[in-house]
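The primary structure of each chain is shown beneath.
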Amino acid sequence: MKRYAGIALLIGLGVVAGCRRHPAAETGPKPTAYGAAVVESSGGKQVGEPGGALPQPLVVQVNDAQGNALPGAVVRFAGGSDVAFSPAAVLTDSSGQATTTATLGDTPGRYTLTASTPDAAGKAISLQLTELVAGYQEQLGERLNAVYCSRCHNAESTPQQVSNYDNLDVKPHTFTDGDTMNKLSDSDLTALISHGGPALNRSALMPAYGTTLNKAEVQALIAYIRLVSDPPFERTGVHYGKQ
Ligand code: HEC
């Protein structure tokens, strides 16, 4: 009798521990393989709208110890309590990939999502993905960037826009370049955007937008630059987005 009680107690503890650590473990798809690494294929660093699904799916790949893509491994996606995934647990397909759609929270800022897969010993191997939510101001900044700035600041051409970057004798930086952008204060950025490069002893190839853009639009551009910078911009003393 005592022995049965002991076993029941162990099973009971196992279930409780299992539920606490892996809420989806009991209900998710059953893996037929266990990986050694999980890597990003696509879908990181997107800019979404508050409470909306990210424009592109998240795709991660599980590899075995030899670095080969592994079908049949389970990937669980997790984020904060305000983040949802459809689906939250996926088996990797024949090319070792697991795809989901993430819907982020209402608060603008930076979201850290996790994709994890168990190894053969049951230990979770995790990958972190950063996604961004742009509020109204940052969305306005993103649109203004597309109209006025990206043709010089983005070296890549798109179907909509041929980049002017290669023609510039002095090279501007992309707004995601946090090492460069984070060194500029808000007033530096305001001066550069409003009065052009010479305002900060820089090249006149950086035009002045003081007559094209109003104050709110300049602020929107700064909010956008702060949102997308990597490494993240730390605004001292102010809670800026969420980790
Ligand atoms: C015609 C090309 C051009 C356009 C359009 C342009 N810039 Fe620039 N920008 C430059 C160049 C060139 C520099 C580098 C100046 C230097 O380092 O001397 C620069 C520098 C900057 C810098 C300083 C950081 C860096 O990249 O070196 C910021 C911030 C900036 N631009 C913001 C903007 C914003 C915001 C817009 C749109 C409103 C914009 N720029 C549009 C060419 C451009």
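Rules and cut-offs
- Residues numbered from 1 in each chain as written.
- Predicted model: local features only at pLDDT ≥ 70, side-chain atom pairs only at ≥ 80, totals over all residues.
- Heavy atoms only, no water.
- Helix = DSSP H or I, 4+ residues; strand = E, 2+ residues; numbered from the N terminus.
- Buried < 20%, exposed > 50% of the residue type's maximum accessible area, 1.4 Å probe, protein only.
- Contact = heavy atoms within 4.5 Å.
- Pairing = 2+ DSSP bridges.
- Salt bridge = Lys/Arg side-chain N within 4 Å of Asp/Glu carboxyl O.
- Donors = N, O, S within 2.8 Å, 3.2 Å for Na, K, Ca; no water.
- Tetrahedral: all angles 85-135°; square planar, octahedral: opposite > 155°, others 65-115°.
- Polar contact = N/O pair within 3.5 Å; in protein donor to acceptor, adjacent residues only side chain to side chain.
- Core = buried A, V, L, I, M, F, W, Y, C linked by side-chain atoms within 4.5 Å.
- Axes fitted to C-alpha atoms, helices over the stretch in contact; angles between N-to-C directions.
- Parallel < 35°, antiparallel > 145°, perpendicular 65-115°, else oblique.
- Nonpolar A, V, L, I, M, F, W, Y, C, P; charged D, E, K, R; others polar.

**Student:** What is the right way to look at the overall build of the chain in this model?
**Tutor:** In terms of regular secondary structure, the chain is built from five helices and nine strands. Along the chain, helices and strands appear, N-terminal first, in the series α-β-β-β-β-β-β-β-β-β-α-α-α-α. Residues classed as buried in the chain amount to 38% of the 243 residues present. Here the contacts in the chain between residues at least 6 apart in sequence split such that 57% fall between residues at least 24 apart.

**Student:** Explain the sheet that holds strand 2 (residues 47-48) here, please?
**Tutor:** Strand pairing in a sheet relies on backbone hydrogen bonds, with the paired strands running either antiparallel or parallel. Strand order in the open sheet formed by five strands is 2-9-8-4-6, and the pairing between neighbours is mixed. A strand with exactly one partner marks an edge of an open sheet, and here the two such strands are strand 2 and strand 6 (89-91). Pairing of strand 8 (residues 109-118) with strand 9 (residues 124-133), which is carried by 10 bridges, proceeds in the antiparallel orientation. Each bridged residue has a counterpart across the sheet, and for Ser116 the counterpart in strand 9 is Ser126.

**Student:** Explain the pattern of salt bridges to me, please; I cannot follow it from the model alone.
**Tutor:** It is possible for side chains bearing opposite charge to pair when their charged atoms get close. Per the stated rule, a full pass over the model turns up two salt bridges. Note that Lys45 is salt-bridged to Asp230, the shortest N-O span being 3.2 Å. Here Lys45, found in the loop between strand 1 (37-42) and strand 2, pairs with Asp230, found in the segment after helix 5 (215-228); they are 185 residues apart in sequence, far enough to count as distant. For Lys45, a relative accessible area of 51% corresponds to the exposed category. In this structure, Arg226 engages Asp186 in a salt bridge whose closest nitrogen and oxygen atoms are separated by 2.8 Å. Highlighted residues: Arg226 in helix 5 and Asp186 in helix 4 (residues 186-195), separated in sequence by 40 residues.

**Student:** What's the story with the coordination of the iron atom of the ligand in this structure? I'm lost.
**Tutor:** Coordination angles at a metal have ideal targets, namely 109.5 degrees for four tetrahedral donors and 90 or 180 degrees for six octahedral donors. Only His153 (NE2) and Met206 (SD) from the protein coordinate the iron atom of the ligand, and they sit 2.1 Å from it. Metal-centred angles of 85 to 179 degrees between the six donor atoms at the iron atom of the ligand mark the site as octahedral. Placement of His153 in helix 2 (residues 136-153) and of Met206 in the loop between helix 4 and helix 5 is noted, with a sequence separation of 53 residues between them. By relative accessible area, His153 is classed as buried at 15%. Given a relative accessible area of 24%, Met206 falls into the partly exposed group.

**Student:** Explain the environment of Ala208 to me, please; I cannot follow it from the model alone.
**Tutor:** Locating Ala208 in the fold gives a position in the loop between helix 4 and helix 5. The class for Ala208 is partly exposed, based on a relative accessible area of 44%. Ala208 sits 12 residues away from Gly196 along the chain, and the two C-alpha atoms are 3.8 Å apart. When sequence neighbours within four positions are dropped, the list of residues in contact with Ala208 reads Ile193, Ser194, His195 and Gly196.

**Student:** What am I meant to see in the side chain of Thr100 here?
**Tutor:** Considering the arrangement of structural elements, one finds Thr100 in strand 7 (residues 97-103). A distance of 2.5 Å separates a polar atom in the side chain of Thr100 from the backbone oxygen of Pro87. If we ignore the near neighbours within four places in the chain, the residues touching Thr100 are Pro57, Leu58, Phe77, Phe85, Ser86 and Pro87.

**Student:** How do you make sense of the nonpolar core when you look at a structure like this?
**Tutor:** Across soluble globular proteins, nonpolar side chains show a tendency to be buried alongside one another. In terms of nonpolar packing, the biggest core is built from 23 residues, with Val60, Phe77, Leu104 and Leu113 touching the most fellow members. Sorting the residues of this core by element identifies strand 3 (58-63), strand 4 (74-78), strand 7, strand 8 and strand 9 as the ones contributing at least two each. Of the residues forming this core, the biggest block, four residues, is contributed by strand 9. Aside from chain neighbours lying at most four places away, what touches Phe77 is Val60, Phe85, Pro87, Ala88, Val90, Ala98, Thr100, Thr114 and Ala115. In this structure, Leu132, Cys149, Ile193 and Val228 belong to the second largest nonpolar core, which totals 21 residues.

**Student:** Help me out: how do you make sense of the packing of helix 2 against helix 5 in this one?
**Tutor:** Helix packing geometry: the angle between the two helix axes and the distance between the axes. Between helix 2 and helix 5, the least distance of the axes is 7 Å, while the angle of their chain directions is 100 degrees. With respect to their mutual orientation, helix 2 and helix 5 come out roughly perpendicular. Residue-level inspection shows Gln137, Glu138, Leu140, Gly141, Glu142, Leu144, Asn145 and Cys149 of helix 2 in contact with helix 5, the latter providing Glu217, Gln219, Ala220, Leu221, Ala223, Tyr224 and Leu227. Residues of the contact of helix 2 with helix 5, tallied by class, amount to eight nonpolar, four polar and three charged.

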